[in-house]
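Close look at the chain arrangement
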Amino acid sequence: MFRFRKRQLIPAIIFGLSFVILSILIPILRTPFFLLLKQPALIFISAGREIKGFIFYHRNYVQNELLKKEVGFLKDRLLKQEEISIENKRLKQLLSFKQSSNFRVVPVRVIGRSPDNWSSTVIIDKGRYHGIKEGMPAITYVGLAGRVIEADEYVSRVLLINDPGLGVSAIIQRTRQEGLVIGTLGNYLIMKYLPEDADVKVQDVVITSGLNATYPKGLLIGHVVSVGQEFSGLSCYAVIRPAVNLATIEELLVIVQ
Amino acid sequence: MKRYIFIAVLIVSGLLQITILDDLKVFNVKLDLFLVTALSAAFFMNARYAVLFCFFCGLFKDIFVYGTIGINSILFCLWSAIIMRLSRHLTIDNNYVRTVIIFITALLNNIVLGVFVTVYLDKTVPIGIFLRIIILGALYSTVIFGIISSIIFLIWRWGKPDD
């Protein structure tokens with residue numbers, strides 16, 4: 001029979017007490033630390049960006065040429081899209097559809113990232129003072145990036161969509177098939193709980209479903225890269241490449257309304 | 001003087017860890033500069049200061065990581081105490097021995113953190129990614145330790161003794 005002796009109990013108590021003290025101490029220290037390191041972190045980020053620009057000069061040059069071509073092509077497409085958008089608006093009015101209001105967003109800068117491999121978060125330079133609250137979705141111009149999980153007075157923390165702790169209710173745009181998108185800590189996301197016979201194809205677009213009140217409907221999450229069967233054989237899953245390049249985000253937009 | 005050098009190294013490591021190191025990922029695994037700095041201190045400083053320094057390294061890391069409730073502070077203290085204890089029984093002046101110790105410590109640290117994240121924070125990490133973080137993270141830390149410890153050793157010789 002296992003029995004605790006006094007000598008064994010003391011380290012256990014010290015160990016437990018340390019956890020309690022630290023779990024109280026760390027949230028208190030967080031805000032002053034973030035504020036203190038905000039400016040140096042921005043300097044480090046700027047320095048890093050300059051060094052990267054210098055190292056990857058040739059790659060950037062080639063990319064710039066390609067992007068110039070793409071901009072021309074996209075301008076043409078945008079013009080056509082605008083035409084469709086105007087037509088869509090007119091038709092909606094005709095059908096008396098409820099117009100979906102535009103989001104009110106707060107632009108923020110990324111001042112730090114998670115230091116470990118077990119979570120995917122970023123620290124942003126705005127907080128409660130700027131209207132940011134816990135639970136608000138963070139996006140980029142491309143699509144969904146994450147959700148605010150901690151909001152201090154002047155800094156906040158955003159959990160990115162590739163963290164396994166974040167689940168987003170999503171649909172396949174083409175077939176309206178629902179599923180749950182979960183992060184993997186890697187470069188891809190997984191869309192789970194798809195029926196066995198789900199009509200999902202590679203390159204299908206995945207967007208937020210709007211079923212969860214946290215995320216507005218229609219935010220782009222990514223594209224399907226591959227589809228597979230779950231081990232149980234009862235459902236299938238889709239591997240998704242996020243639309244937002246989570247490794248390089250420097251600015252975000254937090255939807256405050 | 002030497003203590004201040006380590007504090008400066010810790011602050012710079014922390015800033016590098018949360019800003020630039022994301023661009024230096026190897027197979028999507030990030031280096032743990034906090035751990036490398038803490039373990040370097042365990043090799044160079046005397047026992048009392050090393051444990052204290054490792055605690056601050058862990059605390060610094062915990063402040064930036066979400067939801068870890070101080071596990072890094074406790075783990076870093078524990079690793080430094082084990083290394084100190086080990087140094088009484090083994091000669092750890094040899095670089096090869098140090099490298100092996102660093103690899104094992106980093107591996108154990110990653111395993112404990114991985115289990116903590118999976119069990120306590122209830123995150124489902126695919127097994128491939130889980131193993132990749134544990135093994136590659138430890139290897140990456142070991143390789144970088146060689147560089148960091150050389151720099152610290154140079155500073156160490158240059159700094160005035162104060163202990």
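The structure under discussion appears in the preceding block.
Residues numbered from 1 in each chain as written. Chains lettered and ligands numbered in written order. Predicted model: local features only at pLDDT ≥ 70, side-chain atom pairs only at ≥ 80, totals over all residues. Heavy atoms only, no water.

Helix and strand counts for chain A come out as 2 helices and 12 strands. The secondary structure elements of chain A, listed N-terminal to C-terminal, are α-α-β-β-β-β-β-β-β-β-β-β-β-β. For chain A, the C-alpha radius of gyration of 23 Å lies well beyond 18 Å, the compact-globule estimate for 257 residues. Projecting the C-alpha coordinates of chain A onto the three principal axes gives extents of approximately 80 × 50 × 45 Å. Buried positions account for 39% of the 257 residues belonging to chain A. In chain A, once contacts between residues fewer than 6 apart in sequence are set aside, the share between residues at least 24 apart is 55%. Total accessible area on chain A stands at roughly 15800 Å², and carbon and sulfur atoms take up 59% of it. (Helix = DSSP H or I, 4+ residues; strand = E, 2+ residues; numbered from the N terminus. Rg over C-alpha atoms; globule rule 2.2 N^0.38 Å. Buried < 20%, exposed > 50% of the residue type's maximum accessible area, 1.4 Å probe, protein only. Contact = heavy atoms within 4.5 Å. Areas by Shrake-Rupley, 256 points an atom, 1.4 Å probe, with all protein chains shown as cover.)

Let us look at the overall build of chain B. Scanning chain B for helices and strands turns up 6 helices and 0 strands. Going residue by residue from the N terminus, the α and β elements of chain B occur as α-α-α-α-α-α. The C-alpha radius of gyration of chain B comes to 15 Å, within 12% of the 15 Å expected for a compact globule of 163 residues. Dimensions of chain B, computed from the C-alpha atoms along their principal axes, are close to 50 × 35 × 25 Å. Burial analysis of chain B (163 residues in total) assigns 53% to the buried set.

Residue and element names in this part refer to chain B. Taken together, the side chains of Val 100, Ile 104, Leu 108, Ile 111, Val 115 and Val 119 present a nonpolar region at the surface, about 510 Å² in accessible area. By secondary structure assignment, the location of Ile 111 is in helix H5 (residues 95-119). Taking relative accessible area as the criterion, Ile 111 reaches 36% and is therefore assigned partly exposed. (Patch = residues over 30% accessible without salt bridge, like charges linked within 9 Å, V, L, I, M, F, W, Y side chains within 5 Å. Salt bridge = Lys/Arg side-chain N within 4 Å of Asp/Glu carboxyl O.)

All names here are of chain A. One closed barrel accounts for 6 strands, arranged E6-E7-E8-E11-E10-E9; its pairing is antiparallel. Across this sheet, the average inter-strand angle for adjacent strands is 40°, counted without regard to direction. Two elements, strand E7 (residues 178-183) and strand E8 (residues 189-195), share 4 bridges in a ladder whose sense is antiparallel. The residue of E8 that forms the bridge with Val 181 is Met 191. (Pairing = 2+ DSSP bridges. Axes fitted to C-alpha atoms, helices over the stretch in contact; angles between N-to-C directions.)

Residues and elements named next belong to chain B. Packing of helix H2 (residues 33-44) against helix H3 (residues 47-64) brings their axes to within 9 Å, and their N-to-C directions diverge by 175°. One element, H2, and the other, H3, form an angle in the roughly antiparallel class. Every residue of H3 that contacts H2 at Phe 34, Thr 37, Ala 38, Ala 41 and Ala 42 is listed here: Ala 50, Phe 53, Cys 54, Cys 57, Phe 60 and Lys 61. Here the contact of H2 with H3 is built from residues that sort into 9 nonpolar, 1 polar and 1 charged. (Parallel < 35°, antiparallel > 145°, perpendicular 65-115°, else oblique. Nonpolar A, V, L, I, M, F, W, Y, C, P; charged D, E, K, R; others polar.)

The next subject is H5 of chain B. Counted at 1.5 Å a residue, the expected span for H5 of chain B with its 25 residues is 36 Å, and the 36 Å between its end C-alpha atoms agrees. Residues of H5 of chain B that are buried include every one of Arg 98, Ile 101, Ile 102, Thr 105, Ala 106, Asn 109, Asn 110, Leu 113, Gly 114, Phe 116 and Val 117 of chain B, and no others. (Expected span 1.5 Å × (residues − 1).)

Turning to the interface of chain A and chain B, a few remarks are in order. Every contact between the two is made by 39 residues of chain A and, on the other side, 40 residues of chain B. With both sides pooled, the region where chain A packs onto chain B buries about 3600 Å², and carbon together with sulfur makes up 72% of that total. The three residues of chain A that bury the most area against chain B are Phe 44, Pro 115 and Trp 118 of chain A, which together make up 24% of that side's buried surface. The tally of links from chain A across to chain B stands at 3 salt bridges. Linking chain A with chain B are 14 residue pairs in polar contact (both at pLDDT 80 or more). When residues of the side of chain A that touches chain B are traced back to their parent elements, those giving at least two are helix H1 (6-55), strand E1 (105-113) and strand E4 (144-151) of chain A. The element that contributes the greatest number of residues to the side of chain A that touches chain B is H1 of chain A, accounting for 18 residues. Here the residues of the side of chain A that touches chain B sort into 21 nonpolar, 11 polar and 7 charged. (Buried area = accessible area lost by both parts, 1.4 Å probe. Polar contact = N/O pair within 3.5 Å; in protein donor to acceptor, adjacent residues only side chain to side chain.)

Let us now look at the sheet that holds E1 of chain A. Residues and elements named next belong to chain A. The antiparallel closed barrel is built from 6 strands, whose spatial order is E1-E2-E5-E4-E3-E12. Taking each pair of neighbouring strands and ignoring which way they run, the sheet shows an average axis angle of 45°. Where E1 lies against strand E12 (residues 251-255), 5 bridges are found, and the strand directions are antiparallel. By the bridge assignment for E12, Pro 107 is matched with Leu 253.

Turning our attention to the nonpolar core. By size, the foremost hydrophobic cluster in this structure holds 66 residues, and its most contacted members are Trp 118 of chain A together with Phe 43 and Phe 76 of chain B. Of all the secondary structure elements, the ones that give two or more residues to this core are H1 of chain A together with helix H1 (2-18), H2, H3, helix H4 (71-89), H5 and helix H6 (127-158) of chain B. Listed in part, the 44 residues of the second largest apolar core include Val 106, Ala 145, Val 200 and Ile 221 of chain A. (Core = buried A, V, L, I, M, F, W, Y, C linked by side-chain atoms within 4.5 Å.)

Here we come to the packing of aromatic side chains. As enumerated under the stated definition, the model contains 10 aromatic pairs over all chains in all. Within the aromatic cluster, the residues linked to one another by ring pairs are Phe 33 and Phe 34 of chain A together with Phe 34, Phe 60 and Phe 64 of chain B. One cation-aromatic arrangement involves Arg 59 of chain A over Phe 56 of chain A; the distance from NZ or CZ to the ring centre is 4.4 Å. Over the ring of Phe 43 of chain B we find Arg 98 of chain B, and its NZ or CZ is 5.6 Å from the ring centre. (Phe/Tyr/Trp six-rings, centres within 6.5 Å; stacked < 30°, edge-to-face > 60°. Lys NZ or Arg CZ within 6 Å of the ring centre and 35° of its normal.)

Next up on the list: the state of the cysteines. All names here are of chain B. Summed over all chains, the structure comprises 0 disulfides over all chains. A disulfide-free cysteine, Cys 77 has its sulfur positioned 6.8 Å from the sulfur of Cys 54, the nearest such atom. By relative accessible area, which is 19% here, Cys 77 ends up buried. (Disulfide = S-S within 2.5 Å.)

Residues and elements named next belong to chain B. As a packed pair, H4 and H5 sit with axes 11 Å apart at the nearest point and diverge in direction by 150°. Looking at the two axes, H4 sits roughly antiparallel to H5. Viewed along their axes, H4 and H5 form a crossing whose handedness is right-handed. On the side of H4, the interface is formed by Ile 71, Asn 72, Leu 75, Phe 76, Trp 79, Ile 83 and Leu 86, while H5 contributes Ile 101, Thr 105, Leu 108, Asn 109, Val 112, Leu 113 and Phe 116. The residue inventory of the contact of H4 with H5, partitioned by class, reads 11 nonpolar, 3 polar and no charged. (Left-handed = near helix turned anticlockwise from the far one by under 90°.)

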